[in-house]
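One-letter residues, chain by chain:
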Amino acid sequence: MSSFDLKSLEEILEKYISNDEHLKEVKRLLYGRSEDNKIELSEEATKLASKHGFEIQGYRFTAKAECTRLPRIVRIGAIQNSIVLPTSSPVDTQREAIWQKVQVMIKAAALANVNVICLQEAWTMPFAFCTREKFPWCEFAEEAANGPTTKMLQEWAKAFNMVIISPILERDTNHSDTIWNTAVIISNRGRYLGKHRKNHIPRVGDFNESTYYMEGNTGHPVFETDFGRIGVNICYGRHHPQNWMMFGVNGAEIVFNPSATVGSLSEPLWPIEARNAAIANSYFTVAINRVGSEEFPNKFTSGDGNDPHTIFGPFYGSSYITAPDGSRTPSLSRDQDGLVIAEIDLNLCRQVKDFWGFPMTQRLDLYANALQHATKLDFKPQLIKE
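Residues numbered from 1 in each chain as written. Predicted model: local features only at pLDDT ≥ 70, side-chain atom pairs only at ≥ 80, totals over all residues. Heavy atoms only, no water.

Enquirer: Which residues make up the overall build of the protein, and what values go with them?
Expert: Along its length, the protein carries 10 helices and 16 strands. Computed over its C-alpha atoms, the radius of gyration of the protein comes to 21 Å, within 12% of the 21 Å expected for a compact globule of 386 residues. Considering only C-alpha atoms, the protein reaches an extent of 65 × 60 × 45 Å along its principal axes. Taken over 386 residues, the protein has a buried fraction of 52%. A separation threshold of at least 6 residues defines the contact pool for the protein, and within that pool the share at least 24 residues apart is 69%. Per element, the accessible surface of the protein, about 18,300 Å² overall, is 52% carbon and sulfur. For the protein, the separation between the mean place of its 41 positive charges and that of its 46 negative charges on side chains is 4 Å. (Helix = DSSP H or I, 4+ residues; strand = E, 2+ residues; numbered from the N terminus. Rg over C-alpha atoms; globule rule 2.2 N^0.38 Å. Buried < 20%, exposed > 50% of the residue type's maximum accessible area, 1.4 Å probe, protein only. Contact = heavy atoms within 4.5 Å. Areas by Shrake-Rupley, 256 points an atom, 1.4 Å probe, with all protein chains shown as cover. Lys, Arg positive; Asp, Glu negative; His and termini not counted. Charge placed at Lys NZ, Arg CZ, Asp CG, Glu CD.)

Enquirer: Give a description of the sheet that holds strand 12 (residues 284-289) that names residues and reports values.
Expert: Read across the sheet, 5 strands follow the order 9-10-11-12-15 without closing on themselves; strand pairing throughout is mixed. Single-partner strands in this sheet number two, and they are strand 9 (223-225) and strand 15 (320-322). With strand direction ignored, the average angle separating the axes of adjacent strands in the sheet is 25°. Sheet analysis places strand 12 next to strand 15, joined by 3 bridges and oriented antiparallel. Considered in strand 15, the bridge of Val 286 is made with Ile 321. Running at roughly 145° to strand 11 (residues 254-259), helix 6 (residues 241-249) makes contact with strand 10 (228-232), strand 11 and strand 12 of the sheet. (Pairing = 2+ DSSP bridges. Axes fitted to C-alpha atoms, helices over the stretch in contact; angles between N-to-C directions.)

Enquirer: Quick rundown of unusual backbone geometry? Include the residues and the values.
Expert: Apart from glycine, the bulk of residues carry a negative phi angle, and the bulk of peptide bonds sit in the trans form. Geometrically, the link from Phe 135 to Pro 136 is a cis peptide bond, its omega value of 5° lying close to zero. The amide bond that connects Gly 313 to the next residue, Pro 314, takes the cis arrangement and shows omega of 0°. Positionally, Pro 314 belongs in strand 14 (residues 309-316). The backbone of Asn 37 sits at a positive phi, close to 55°, despite the residue not being glycine. Among the structural elements, Asn 37 can be located in the loop between helix 2 (20-31) and helix 3 (43-52).

Enquirer: Give me the side chain of Arg 75: which residues, what numbers.
Expert: Relative to the helices and strands, Arg 75 resides in strand 2 (residues 73-80). On the basis of relative accessibility, which here comes to 13%, the residue Arg 75 falls in the buried class.

Enquirer: So what's going on with helix 6? Which residues, and what values?
Expert: Among all positions in helix 6, only Asn 243, Trp 244 and Phe 247 are buried. In an axial view of helix 6, the angular spread of the buried residues amounts to 100°, which keeps them on one side of the axis. Elements in contact with the buried residues of helix 6: strand 6 (192-197), strand 10, strand 11, helix 8 (270-281) and strand 12. Downstream of helix 6 by one or two residues, Gly 251 has phi in the positive range, about 100°. (Arc of directions from axis to C-beta.)

Enquirer: Tell me what's going on with the nonpolar core, and back it up with residues and numbers.
Expert: Ranked by size, the top nonpolar core spans 34 residues in total, and within it Ile 79, Ile 106, Ile 117, Trp 123, Leu 153, Met 162 and Leu 339 carry the most contacts. Those elements that place two or more of their residues in this core are helix 3, helix 4 (91-111), helix 5 (148-160), strand 4 (163-172), strand 5 (178-186) and strand 16 (338-345). Per-element accounting of this core gives the leading share, 8 residues, to helix 4. Setting aside residues no more than four positions away along its own chain, Met 162 makes contact with Ile 106, Ala 109, Ala 110, Val 114, Asn 115, Val 116, Ile 117, Ala 157, Ile 186, Ser 187 and Asn 188. Core analysis: the next-biggest nonpolar cluster, separate from the first, contains 32 residues, Val 116, Ile 185, Phe 227 and Leu 346 among them. (Core = buried A, V, L, I, M, F, W, Y, C linked by side-chain atoms within 4.5 Å.)

Enquirer: A description of the packing of aromatic side chains should follow, citing residues and the corresponding values.
Expert: Counted by the stated rule, this structure contains 14 aromatic pairs. Relative to Phe 358, the ring of Trp 356 lies with its centre 5.4 Å away and its plane at 20°, an arrangement referred to as stacked. Ring pairs connect the aromatic residues Phe 127, Phe 129, Phe 207, Tyr 212, Tyr 213, Phe 312 and Phe 315, which therefore count as one cluster. The ring of Phe 315 carries Arg 290 above its face, with NZ or CZ at 5.7 Å from the centroid. Stacked on the ring of Tyr 320, the Lys or Arg Arg 328 has its end atom at 4.0 Å from the ring centre. (Phe/Tyr/Trp six-rings, centres within 6.5 Å; stacked < 30°, edge-to-face > 60°. Lys NZ or Arg CZ within 6 Å of the ring centre and 35° of its normal.)

Enquirer: Which residues make up the side chain of Thr 149, and what are the values?
Expert: Among the secondary structure elements, Thr 149 is positioned in helix 5. A polar contact of 3.2 Å, which involves the side chain of Thr 149, links it to the side chain of Trp 99. Once residues within four sequence positions are removed from consideration, Thr 149 is found in contact with Arg 95, Trp 99, Trp 123, Thr 124, Glu 142, Ser 166 and Ile 168. (Polar contact = N/O pair within 3.5 Å; in protein donor to acceptor, adjacent residues only side chain to side chain.)

Enquirer: Kindly report on the sheet that holds strand 3 (residues 116-118), identifying the contributing residues and their values.
Expert: The 7 strands lie next to each other as 1-16-2-3-4-5-6, forming an open sheet whose pairing is mixed. At either end of the open sheet lies a strand with only one pairing partner, and these are strand 1 (55-61) and strand 6. Going from strand to strand, the sheet's axes swing by 25° on average, the running direction of each strand aside. Here 8 bridges tie strand 2 to strand 16, and the two strands are oriented antiparallel to one another. Among the inter-strand pairings, Val 74 is bridged to a residue of strand 16, identified as Ile 344.

Enquirer: An account of the UniProt feature "domain: CN hydrolase" (unreviewed entry) in the protein is needed here, citing residue identities and associated values.
Expert: As recorded in UniProt, the feature "domain: CN hydrolase" (unreviewed entry) lies at residues 74-346. Summarising residues 74-346: 22% helix, 32% strand, and an end-to-end C-alpha distance of 7 Å. (UniProt positions renumbered as here; feature names shortened; annotations may be inferred.)

Enquirer: Explain the packing of helix 3 against helix 4 residue by residue, including any values.
Expert: Between helix 3 and helix 4, whose axes approach to 8 Å, the crossing angle comes to 160°. Considered as vectors, helix 3 and helix 4 are oriented roughly antiparallel to each other. Crossing of helix 3 against helix 4: the hand is left-handed. Together, Glu 44, Ala 45, Leu 48 and His 52 of helix 3 and Val 104, Lys 107, Ala 108 and Leu 111 of helix 4 make up the contact between the two elements. Class assignment of the residues belonging to the contact of helix 3 with helix 4 gives a composition of 5 nonpolar, 1 polar and 2 charged. (Parallel < 35°, antiparallel > 145°, perpendicular 65-115°, else oblique. Left-handed = near helix turned anticlockwise from the far one by under 90°. Nonpolar A, V, L, I, M, F, W, Y, C, P; charged D, E, K, R; others polar.)

Below, the structure is given as structure tokens:
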């Protein structure tokens, strides 16, 4: 993390590049377009954000007009937030406090006419997996289909006519109470559509997640909704290009990446990975990260030779949205709760496929055969020496 108070990269660009034409060119090189294409959000939404102290930003991605297809205009959003109460507070009161905070932000999204909203990874709890302690953190786990968070969000989804993606710590009561890192998808009619479990589990730094749950077993499901075909690539899966690819192979038009990651580990990678996935797979991506530092009752180590400590973070926020053509929004703040919204035309996905031809030239058969061979015990790399 930087040693100075940097709210966002955009803040530095606008502060030190005074020439408008130069700033536009820098944004074109960094973000794929010279204009931010901001949209005006409702006064009710902006007032609610101001009252409760969170950032709200809206942008637009357009597509070419077509003769044979009508525009498919959808508003998508992502929420980044800090926890509310000390981690020493009772589990139920911690969760209730986060519910109340995020409910206001979802209401703001509804006032801004958002159709699909995604929350951050394990949004109902502190990211306590750094501690390697089982108690009380396992108490945050709940059933995907019938847990209290899902039931509550089903009411919100129906009331706001909004698809809600809710990443939680799942308790699988049908299989010996096993725990998973899971995203629950709720339709705009308030129905449980299904879930996706995190495919790739980190074992790096303070991310000791395999102490609690293992790699998911749900494949790469894509959920057909009234507002597009949606995939969810949870956190660490963004480091694996094949993970992103399979959501595209299964027809995703929007892939959300709910995450929890800290500046000392991954911040230089953050603006690259979800954007690159959007380009490679011709779909929209939404990268979401929590904010703030979280302090735990007992000291833990990071496996780096430094002294034990109680604070995990800071999580650097910086949530953003990327279009299939590689253009992207500015990021939300690195240290403030926020809601980022994009009005998109899903027709852009096919238009980019037609222009670049990435799916046509993808050669899945070539790589499928090579990877199958690479998984065998007698595999030898195709390495040619003199």
